[in-house]
Amino acid sequence: MQDFEQPPQYLPFRSFVDPSFFQVLSDRKLNDYKLDTTERQIYATYGIPVSTSSASSGIITLSGDGFDLDFSGLADCIAPGLLLNLNTSEEFKAVDKTSLIQDQGGKLWNAIQDGTVSDNPSLLASFYLLCYSDLKRYKFYYWFAFPVLHSDWAFTGSETSTNEVTYADSNLNIAIEEWRKRVRIQESGFFLLRRGEETWNIGTLNQWSDFFGRFRLDDEITVGFYDPSSLPTCPGWPLRNFLAFIASKGHSRVKVLCLRDLMSTASETRSVWMKFRCLEPMSRTATPKVSGWERNVQNRLVPKSADLSSLLDPLRLADQAV
Amino acid sequence: MLRLQSTLSSWREYLSPVSHVSTFKQTGEITPEEFVLAGDYLVYKFPTWSWSSAPASKMRDFLPPDKQFLVTKHVASHVRAQSTSAEYNGGSTAGDAEAEDEDGWTLSYGSGQGSKGTTSQSTTRPSSAPADDDDDADSIFDIDEMEDEMEDAGYLVRDSAAASADGNTTLPDRSYNLYITYSTSYRVPKMYLSGFNASGSPLSPQEMFEDIVSEYKDKTVTIETAPFLENMTMISIHPCRHASVMKMLLSRAEARQRRLRAAQHTSGKSAAADDLMAGIQGLGLDSEEWEDLAAEQKVEEGGADDSDEEAVRVDQYLVIFLKFISSVTPGIEHDNTMAAL
């Protein structure tokens, strides 16, 4: 266990959009939405990276299934999102991005306070997708936001569980996997942990008072989350809102299991324990600072674009088929 | 390893009574049952690959519902095939002709004729130039930066000098999702690729073609709607020549494996899987090894088939298939993820 304190940094989500998403979006826009620009509920997925290479770290995926996601048998975690598909590039440009993300953050903050998040923890990983589709040219302009509530924590150290592995620790992954089978997928990304005699107890967020009701606010509590990051010292984006959730409960010391093992049978764990100390309790009344528009590879805040003309345009497809 | 071996032997048991006659060594083709066996082995050995189910409308009844196709996602690609092929061309010699099969298909690099013209053509093609008729939409990108947000200290910036100092945070230019399905018409695995740029947006087929060595790009890469997913268009490597290539690769892997086994003979038995990996290594891009093997093949023909312990097993087929694919798509680093395991 290292002994130091520093402001934590989180590995942001990096959005990957399958061509199938744009294909379904085109269909829906033509046949269903038409000019209607109501926000639509969609779902993206994220999970533990299959390899430790940075190419697979921090990824969140949106595909054509995301309009009508079948949760059954899904191995990944879900991230609920809102799609705002606009009709013109002017509208896209005119959207007030700053107030939009503030609004989304405010909604999340309310949902934390009124208990909605305890029933649907996946909201902690929610996103917003601003989109303009030029269907004549099969071009799509889009911008993801992964709103995060800022809370004031210090990172106080990390450890891998290789030192002093106990019976309970070695069975932790199995216990989590079994827990996951019992809960709804909306609940599966974030969990509470309490050490029992022989094994770990695992709970959903709405079991908070069962788990931590008898703890003092400055006692160290233990939680865990499915971590899309594989960087040794850097947890993934979803932890940020989870820490805000914990701060909202008034607790100031937390040990977090960043779950990074794909299989309960993994012979060598990649998971990391990280400790955090809350520096300043959160105000119940004011919405915390919010950020989260996705940046491009150059770290600039700009939208992304995709040109699917050669994948989607029926005429060009016919041309290419030999 | 014990567990692996027992699993393998139970697979072998399962395989023997299947009425479909296994012809993979003679023809390079496999049956759907063998495809499943080989997929199980691949997933077991390399957990970056996994089996996937298909939507109900795309389900193929000769494969188990939960094993419709194999997939691995977000495989890094740092360099384009065009930039690597020069290097491979440089490394090859006239002796390579020996290593070709009768159709000249097996060598992906350096087989000379026909490749150079197309290479230069594709390297000059701009990779993703925006169309010029795009003025209105381009204005989307003129967005005033939000100063407040830029100050977010909790946002880990990848690629920054500090971050790359502790390694592992740099991002590749591109990444690929790879899919392997079974082709009934050719009785071989078929590879589909779906590529993304560094921003996570889909690549156009033309951009993806840059990651295929020119011989294949010109002959066998097509744009197709995936038969195992809804609404997915991607590029595929047409399997018409897979069987003959696989047949040759299998016999080489086998010869290499025999040679290693002979060398190890005195030191007693070693795990079959290790042998395979060593054998596969020799298969890779090392053409000198391949030439050596021609001689050994004769030895092998004499005493073949009496010892199934030494033979390349059909469940190892996809591991060898991927070696072949990595020679077609040298810039897509699915081999690295394997080496890491």
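Residues numbered from 1 in each chain as written. Chains lettered and ligands numbered in written order. Predicted model: local features only at pLDDT ≥ 70, side-chain atom pairs only at ≥ 80, totals over all residues.

Asker: What is the right way to read the overall build of chain B from this model?
Answerer: In terms of helices and strands, chain B carries 16 helices and six strands. Expressed as a percentage of the 341 residues in chain B, the buried residues total 39%. (Helix = DSSP H or I, 4+ residues; strand = E, 2+ residues; numbered from the N terminus. Buried ≥ 20, exposed ≤ 12 C-beta atoms within 10 Å, placed from the backbone.)

Asker: Where do I start with the interface of chain A and chain B in this structure?
Answerer: In many analyses, interface size is given as the accessible surface area lost on bringing the parts together. Taken together, the 55 residues of chain A in the interface contact 44 residues of chain B. Across the side of chain A that touches chain B, the residue classes break down as 28 nonpolar, 18 polar and nine charged. (Contact = placed C-beta atoms within 7 Å. Nonpolar A, V, L, I, M, F, W, Y, C, P; charged D, E, K, R; others polar.)

Asker: Can you walk me through the pairing of strand 9 (residues 200-203) of chain A in this structure?
Answerer: Residues and elements named next belong to chain A. Residues Trp 200 and Ile 202 point to one face of strand 9 and are all buried, whereas Asn 201 and Gly 203, pointing to the other face, are not buried. By the bridge criterion, four bridges tie strand 8 (residues 190-195) to strand 9 in an arrangement that is antiparallel. Bridge assignment links Arg 195 to a residue of strand 9, and that residue is Trp 200. The hairpin turn running from strand 8 into strand 9, its antiparallel successor, is four residues long. (Pairing = 2+ DSSP bridges.)

Asker: Would you explain the sheet that holds strand 5 (residues 221-225) of chain B in this entry?
Answerer: Hydrogen bonds along the backbone pair up the strands of a sheet, which may run parallel or antiparallel. All names here are of chain B. An order of 1-2-3-4-6-5 is seen for the six strands of this open sheet, with the pairing classed as antiparallel. Unpaired on one side and paired on the other, strand 1 (50-52) and strand 5 mark the two borders of the sheet. Strand-to-strand twist across the sheet, computed as the mean angle between neighbouring axes with direction ignored, equals 35°. Of the pairings in the sheet, the one linking strand 4 (residues 188-197) to strand 6 (residues 233-237) comprises three bridges and is antiparallel in character. Residue pairing across strands places Tyr 192 opposite Ser 236, the latter belonging to strand 6. (Axes fitted to C-alpha atoms, helices over the stretch in contact; angles between N-to-C directions.)

Asker: Got a minute to help me understand the confidence of the model for chain B in this structure?
Answerer: Do not read the fine detail of predicted coordinates wherever pLDDT is low. All names here are of chain B. Of all residues in chain B, 54% attain a pLDDT of 70 or more, and the chain-wide mean is 69. When the criterion is pLDDT under 50, residues 85-136 qualifies, and its contacts beyond four places in sequence or with other chains add up to 58 contacts. Here residues 336-341 is modelled with pLDDT under 50, and outside its nearest four sequence neighbours on either side it reaches eight contacts, counting other chains as well. (pLDDT = per-residue confidence, 0-100.)

Asker: Is there a simple way to think about the environment of Gly 224 of chain A in this case?
Answerer: Residues and elements named next belong to chain A. Mapped onto the elements, Gly 224 comes out in strand 10 (residues 220-226). Along the backbone, Gly 224 and Asn 296 are 72 residues apart, and their C-alpha atoms lie at a distance of 29 Å. In contact with Gly 224, other than residues within four places in its own chain, are Phe 191, Leu 193, Val 256, Leu 257 and Leu 259.

Asker: Sorry if this is basic, but what is going on with the domain arrangement of chain A here?
Answerer: Residue and element names in this part refer to chain A. For chain A, the domain assignment lists domain 1 (14-150 + 287-320) and domain 2 (152-280). Centre-to-centre separation of domain 1 and domain 2, based on C-alpha positions: 27 Å. Each partner contributes residues to the interface: domain 1 has 28 residues there, and domain 2 has 28 residues. When residues of the side of domain 1 that touches domain 2 are traced back to their parent elements, those giving at least two are strand 4 (77-86), helix 3 (97-113), helix 4 (116-119) and strand 6 (139-149). (Domains from an automatic or database assignment.)

Asker: Would you take a moment to explain the nonpolar core for this structure?
Answerer: Looking at soluble globular proteins, one finds that nonpolar side chains tend to be buried together. Core analysis: the biggest nonpolar cluster contains 145 residues, and Leu 129 and Val 256 of chain A together with Ala 38 of chain B have the highest contact counts within it. If you tally residues by element for this core, the top one is strand 6 of chain A, at nine residues. Split by domain, the residues of this core number at least three in each of domain 1 (14-150 + 287-320) and domain 2 (152-280) of chain A. Dropping the residues within four chain positions of it, Ala 38 of chain B is found in contact with Ile 30, Val 314, Asp 315, Tyr 317 and Leu 318 of chain B. (Core = buried A, V, L, I, M, F, W, Y, C linked by C-beta atoms within 7 Å.)

Asker: I'm lost on the environment of Ser 188 of chain A in this one. Help?
Answerer: Residues and elements named next belong to chain A. Mapped onto the elements of the fold, Ser 188 is located in the loop between helix 6 (172-182) and strand 8. The spatial distance from the C-alpha of Ser 188 to the C-alpha of Leu 205 is 9.7 Å, given a sequence separation of 17 residues. Leaving out residues up to four positions away in the same chain, Ser 188 has contacts with Cys 77, Arg 180 and Val 183.

Asker: Looking at this structure, I do not really get unusual backbone geometry. What am I missing?
Answerer: Positive phi is not limited to glycine here, since Tyr 138 of chain A has a value of about 55°. Among the secondary structure elements, Tyr 138 of chain A is positioned in the loop between strand 5 (127-134) and strand 6. Of note, His 74 of chain B is a non-glycine position whose phi angle comes to about 55°, a positive value. Position of His 74 of chain B among the secondary structure elements: in strand 2 (residues 69-77).

Asker: What's the story with helix 8 (residues 238-248) of chain A in this structure? I'm lost.
Answerer: Three- or four-residue spacings in an α-helix give side chains the same orientation, since the helix completes a turn every 3.6 residues. Residue and element names in this part refer to chain A. Counting buried positions over the eleven residues of helix 8 gives ten, a clear majority of the element. Buried residues of helix 8: Pro 238, Leu 239, Arg 240, Asn 241, Phe 242, Leu 243, Ala 244, Phe 245, Ile 246 and Ala 247, and no others. Trailing helix 8 by a residue or two, Gly 250 shows a phi angle of about 90°, which is positive.

Asker: Hey, could you run me through helix 6 of chain A in this one?
Answerer: All names here are of chain A. Residues of helix 6 that are buried: Leu 172, Asn 173 and Ile 176. Taken down its axis, helix 6 places every buried residue within 95° of arc, on the same side. Exposed side chains of helix 6 directed beyond 90 degrees from the buried face belong to Glu 178, Lys 181 and Arg 182. (Arc of directions from axis to C-beta.)

Asker: Is there a simple way to think about the environment of Ser 194 of chain B in this case?
Answerer: Mapped onto the elements, Ser 194 of chain B comes out in strand 4. Sequence separation between Ser 194 of chain B and Tyr 317 of chain B is 123 residues; the distance between their C-alpha atoms is 23 Å.

Asker: Just checking my understanding: could you explain the packing of helix 3 (residues 32-45) of chain B against helix 15 (residues 317-328) of chain B for this structure?
Answerer: For any two helices packed against each other, one specifies the inter-axial angle together with the distance between the axes. Residue and element names in this part refer to chain B. One way to put it is that helix 3 packs onto helix 15 with a least axis distance of 7 Å and a crossing angle of 75°. It follows from the interaxial angle that helix 3 and helix 15 lie roughly perpendicular. Between helix 3 and helix 15, the residues in contact are Glu 34, Ala 38, Gly 39, Leu 42 and Lys 45 and Tyr 317, Leu 318 and Val 319, respectively. Residues belonging to the contact of helix 3 with helix 15 are distributed by class as follows: five nonpolar, one polar and two charged. (Parallel < 35°, antiparallel > 145°, perpendicular 65-115°, else oblique.)

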